[in-house]
Number of protein chains: 2
Amino acid sequence: MTLSLQDVSVGDPGDDEIVVRIEAAPINPSDLGLLLGPADLATLREGGAGGAPTLTFTVPEGRLPAVAGRLGQSLPVGNEGAGTVVAAGRNAKALEGRRVGMFGGAMYADYRLINVRDVIPLPEGASAADGASMFVNPLTALGFVETARREGHPAIIHTAAASNLGQMLQRICLADGVPLVNIVRSTEQAKILQDIGATHVLNSKDADFEARLVDAIVETGATVAFDAIGGGTLASQIVQAMERAAVRRMTTYSRYGSDAFKQLYIYGALDLSPTVLNRLAFGFQWSVSGWLLPPFLNKVGPEVAARLRQRVADELTTTFRSHYTKVISLAEALSPDNLRAYERKATGEKFLIDPTRG
Amino acid sequence: MTLSLQDVSVGDPGDDEIVVRIEAAPINPSDLGLLLGPADLATLREGGAGGAPTLTFTVPEGRLPAVAGRLGQSLPVGNEGAGTVVAAGRNAKALEGRRVGMFGGAMYADYRLINVRDVIPLPEGASAADGASMFVNPLTALGFVETARREGHPAIIHTAAASNLGQMLQRICLADGVPLVNIVRSTEQAKILQDIGATHVLNSKDADFEARLVDAIVETGATVAFDAIGGGTLASQIVQAMERAAVRRMTTYSRYGSDAFKQLYIYGALDLSPTVLNRLAFGFQWSVSGWLLPPFLNKVGPEVAARLRQRVADELTTTFRSHYTKVISLAEALSPDNLRAYERKATGEKFLIDPTRG
């Protein structure tokens, strides 16, 4: 698998289209799946000439079946970004010169031709960096709260909770009065959340983590969890803790467990290893499912999606502000040191690509 | 944990109640959970005097939290059974002397006081053995087909498919025109199903099992599976095969996988080890959930439940016939050899308790 920069020409905009000069595009975990996907990072080899660096990786044979559909294809990367409109079709003239946020892939580029349906004009005074991440994380965080509400869950559990997404979720939950149980892996991460007002923050490395998790669930009534980690046994621990909290409220024993329905959604893959479910401790009323933004938006329909997008635009620099630790050029995204750093997905570390830097 | 026979007195029937002399009660996997539950079978110790045998087991410490609610309690066992009405309350006189099938626990007994709501009168000429298993397996098999229909799945996958339940499911699917993919673990089991007309029977021990499973899913369009095994990787293999079948139909690559929603229900625990999900091969549109008869019946409501029960009564000796390999008395259920045999849950082997044998 080879990563490279390619010269491609951007066509003229159609009636409902614009051409945007991209000034900011974040590197999200959801981008890394496409960017690095099945590659064995230990096999990284540098290549290419000065202005056109390439990085090449070997894909282990066992991972090939899962990516059979992409073999031999050159795939552009970058789910979202922001920039300035430099050309506009007949029906989009009002956007000329405006700064917009965009969603739709192929954002790691100098220019992007895009339908106006997939952009949101930024509020006066907002920078491209402010608008670069206004789709994936904000809509996902709002989607969690919306999902919990629609399915009747009174409170939410979230893992890897100190991420940019997790901080947004905490701010939404505080504003909307939804109890949130945050699970993190260090005291530094716990502090990030406490500083923005989180009341339930648990460190999964603490010896009494499981007991404290059950207590927090009893207190909040959480019956849904959103899990960014996926692999290992944390998902199982969470469902089990929900069941223990439910059993505490029961007055008679049932070998089938509680009648409380417990839902865990896996929306990320920070741990690529298999999910191990100790389901005998769950009772029979449980579900572990995948969660992904596009199908969620499809399911709720255009009106709800528009309401959520409007809230993001309205609260762009407050609830939905993102924090970046490093801004790099397109070419710098192909430096091995940078790649290893953004691939680590360390909490609090976040890369922003600014293609105007070269 | 101690298994024993206890002398208890059965009260007089209330207005809507009857007293039934139990003549047949099956030992289902769903009974073994309560009967043996957390016990370490290797620790079996015999005790008690001649007519009152007891069996005692040690419960490993790690399994204690899951059964904290039942410690110190004497719990009657036996989900379902059939027998003859020997006493009836004011509103139930019509049932006097009739043979009925019953559901509600505590059936491993000589007599059972029960509300008429929880019984079905057997058709003329049906034996107690015919009516002993008219609830758990028949309603579960009908529940699978009903669940698939309500959730829009065009075909079904079933594991441990040569069981009494699996044979009923195959007969229902043939009658209702629902394609069924059966997964078994031996050629003997495959033959049981082929003999009743099954067209898709796969042996999970065959070297080309995975490829054949994908082919069968492509052919039938199955997007839901009911899994009696639970532990290990078979559940994961099934969801992965559904995804591969869906990807085969796609024309462009998506790193998120197919947009086909894939559902696997775990309804049994033939393998007690954890469920290992290789979810990176699932895409994001999937769900693995528990399935249990009582919540299903609650969800569909009394009218659907009545329709399903009526079908069981109508087709008791055809679609829903059960086959027993051994009939034992209550005391014989506490013989170590019998216990080891019914605990094995071998396909095709099925024990029936007849309390009139002593």
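Residues numbered from 1 in each chain as written. Chains lettered and ligands numbered in written order. Predicted model: local features only at pLDDT ≥ 70, side-chain atom pairs only at ≥ 80, totals over all residues. Heavy atoms only, no water.

1. With respect to the domain arrangement of chain A
All names here are of chain A. One can read the domain layout of chain A as domain 1 (2-133 + 322-357) and domain 2 (137-297). Inter-centroid distance (C-alpha atoms) of domain 1 to domain 2 is 31 Å. Taken together, the contacts link 8 residues of domain 1 with 9 residues of domain 2. Note on domain 1 versus domain 2: buried area summed over both sides is about 710 Å², and carbon and sulfur give 50% of it. For the interface between domain 1 and domain 2, the tally reads 0 salt bridges. Its residues assigned to classes, the side of domain 1 that touches domain 2 shows no nonpolar, 5 polar and 3 charged. (Domains from an automatic or database assignment. Contact = heavy atoms within 4.5 Å. Buried area = accessible area lost by both parts, 1.4 Å probe. Salt bridge = Lys/Arg side-chain N within 4 Å of Asp/Glu carboxyl O. Nonpolar A, V, L, I, M, F, W, Y, C, P; charged D, E, K, R; others polar.)

2. Overview of the side chain of A:Ser30
All names here are of chain A. Residue position: serine 30 is located in helix H1 (residues 29-35). On the basis of relative accessible area, serine 30 is assigned to the buried category, the value being 19%. One polar contact links serine 30 to asparagine 79, side chain to side chain, over a distance of 3.3 Å. (Helix = DSSP H or I, 4+ residues; strand = E, 2+ residues; numbered from the N terminus. Buried < 20%, exposed > 50% of the residue type's maximum accessible area, 1.4 Å probe, protein only. Polar contact = N/O pair within 3.5 Å; in protein donor to acceptor, adjacent residues only side chain to side chain.)

3. Focus: the packing of helix H3 (residues 136-150) of chain B against helix H8 (residues 293-300) of chain B
Residue and element names in this part refer to chain B. Two elements in contact, H3 and H8, have axes whose closest approach is 10 Å; the angle formed by their N-to-C orientations is 50°. Taken as axis vectors, H3 and H8 run oblique relative to one another. Our pair here, H3 against H8, has a crossing hand that is left-handed. Taken together, the residues of H8 that come into contact with H3 (itself represented by Val136, Leu139, Thr140, Gly143, Glu146, Thr147 and Arg150) are Leu293, Phe296, Leu297, Lys299 and Val300. Class assignment of the residues belonging to the contact of H3 with H8 gives a composition of 6 nonpolar, 3 polar and 3 charged. (Axes fitted to C-alpha atoms, helices over the stretch in contact; angles between N-to-C directions. Parallel < 35°, antiparallel > 145°, perpendicular 65-115°, else oblique. Left-handed = near helix turned anticlockwise from the far one by under 90°.)

4. Topic: the pairing of strand E10 (residues 180-184) of chain A
Residues and elements named next belong to chain A. Summarising burial for E10: 5 of the 5 residues are buried, a large majority. Neither face of E10 is open: one carries Leu180, Asn182 and Val184, the other Val181 and Ile183, and all of them are buried. In this structure, strand E9 (residues 156-159) lies alongside E10, joined through 4 bridges in parallel fashion. Within E10, the position partnered with isoleucine 156 by the bridge is leucine 180. (Pairing = 2+ DSSP bridges.)

5. Comments concerning the pattern of salt bridges
The final tally for this structure, using the stated rule, is 34 salt bridges over all chains. For A:Arg307, the salt bridge identified is with A:Glu146, shortest N-O distance 3.0 Å. Of the two residues, A:Arg307 sits in helix H9 (residues 302-314) while A:Glu146 sits in helix H3 (residues 136-150), which places them 161 residues apart along the sequence. Classification of A:Arg307 as partly exposed rests on a relative accessible area of 45%. Residue classification places A:Glu146 among the buried positions, given a relative accessible area of 7%. A salt bridge links B:Arg357 to B:Asp354; the shortest N-O distance between them is 3.9 Å. On the basis of relative accessible area, B:Arg357 is assigned to the exposed category, the value being 52%.

6. Observations concerning the nonpolar core
A:Ile157, A:Leu213, A:Ile238, B:Ile157, B:Leu213 and B:Ile238 are the most contacted members of the largest nonpolar core, which totals 122 residues. Beyond its immediate stretch of four places on either side in the chain, B:Ile157 contacts B:Val181, B:Ile183, B:Ile217, B:Ala222, B:Val224, B:Ala225, B:Phe226, B:Ile238 and B:Met242. The next biggest cluster of nonpolar side chains, apart from the first, holds 35 residues, and it includes B:Leu3, B:Val20, B:Leu36 and B:Ala333. (Core = buried A, V, L, I, M, F, W, Y, C linked by side-chain atoms within 4.5 Å.)

7. Concerning H3(B)
Residues and elements named next belong to chain B. Helix length check: H3, at 15 residues, gives a terminal C-alpha distance of 20 Å against a target of 21 Å (1.5 Å per residue), a fit within 8%. Among the 15 residues in H3, 13 count as buried, and that is most of the element. Remark: glycine 152 follows H3 within two positions and exhibits a positive phi of approximately 80°. (Expected span 1.5 Å × (residues − 1).)

8. Things to note about the interface of chain B and chain A
If you look at the interface, chain B gives 40 residues, while chain A gives 39 residues. Summing both sides of the interface, chain B and chain A together bury roughly 3100 Å²; the carbon and sulfur share of this comes to 63%. The tally of links from chain B across to chain A stands at 0 salt bridges. The tally of links between chain B and chain A comes to 14 residue pairs in polar contact (both at pLDDT 80 or more). When residues of the side of chain B that touches chain A are traced back to their parent elements, those giving at least two are helix H1 (29-35), strand E13 (230-232), strand E15 (271-277) and strand E16 (286-290) of chain B. Of all the elements, E15(B) adds the most residues to the side of chain B that touches chain A, at 7 residues. Here 3 bridges tie strand E16 (residues 286-290) of chain A to E16(B), and the two strands are oriented antiparallel to one another. Within the sheet, the bridge partner assigned to A:Ser289 lies in E16(B) and is B:Ser287.

9. Some remarks on the environment of B:Glu315
Residues and elements named next belong to chain B. Take glutamate 315: it is sitting in the loop between helix H9 (302-314) and strand E17 (326-328). Judged by its relative accessible area of 21%, glutamate 315 falls in the partly exposed class. Separated by 222 residues in sequence, glutamate 315 and lysine 93 have C-alpha atoms that sit 26 Å apart.

10. What about the relation of the copies chain B and chain A?
For these two chains of identical sequence, chain B goes onto chain A by a turn of 180° and a shift of 0.0 Å along the axis, with RMSD 0.0 Å. Taken together, the rotation and translation relating the two chain copies correspond to the operation of a two-fold axis. (Least-squares fit on C-alpha atoms with pLDDT ≥ 70 in both.)

11. Quick word on unusual backbone geometry
One non-glycine residue with positive phi stands out, namely A:Ala160, at about 50°. The topology assignment puts A:Ala160 in the loop between E9 and helix H4 (164-176).

12. Here's the deal with the packing of helix H6 (residues 209-220) of chain B against helix H7 (residues 234-248) of chain B
Residues and elements named next belong to chain B. Interhelical geometry of H6 versus H7 gives an angle of 55° and a closest axis separation of 8 Å. Taken together, the axes of H6 and H7 lie oblique to each other. For the crossing formed where H6 meets H7, the hand is right-handed. Along the contact surface, H6 presents Phe209, Glu210, Leu213, Val214, Asp215, Ile217 and Val218, while H7 presents Leu234, Gln237, Ile238, Ala241, Met242, Arg244, Ala245 and Arg248. Residue composition of the contact of H6 with H7, by class: 10 nonpolar, 1 polar and 4 charged.

13. Remarks on the confidence of the model for chain A
Across chain A, pLDDT averages 93, with 99% of residues at or above 70. Confidence estimates for the predicted assembly give a pTM of 0.87 and an ipTM of 0.86. (pLDDT = per-residue confidence, 0-100.)

14. Description of the pairing of strand E11 (residues 200-203) of chain B
Residues and elements named next belong to chain B. Neither face of E11 is exposed, since His200 and Leu202 on one face and Val201 and Asn203 on the opposite face are all buried. Examined bridge by bridge, strand E10 (residues 180-184) and E11 share 4 bridges and lie parallel to one another. Within E11, the position partnered with asparagine 182 by the bridge is valine 201. Where the polypeptide runs from E10 across helix H5 (residues 187-195) and back to E11, its parallel neighbour, the crossover connection is right-handed. (Right-handed = clockwise from strand over helix to strand, strands pointing away.)

15. Topic: the sheet that holds strand E4 (residues 52-58) of chain A
Residue and element names in this part refer to chain A. The strand order across the open sheet formed by 3 strands is E1-E4-E3, and the pairing between neighbours is antiparallel. Whereas interior strands pair on both sides, the edge strands pair on one side only; in this sheet they are strand E1 (2-4) and strand E3 (40-49). This sheet shows a mean twist of 20° between the axes of neighbouring strands, independent of strand direction.

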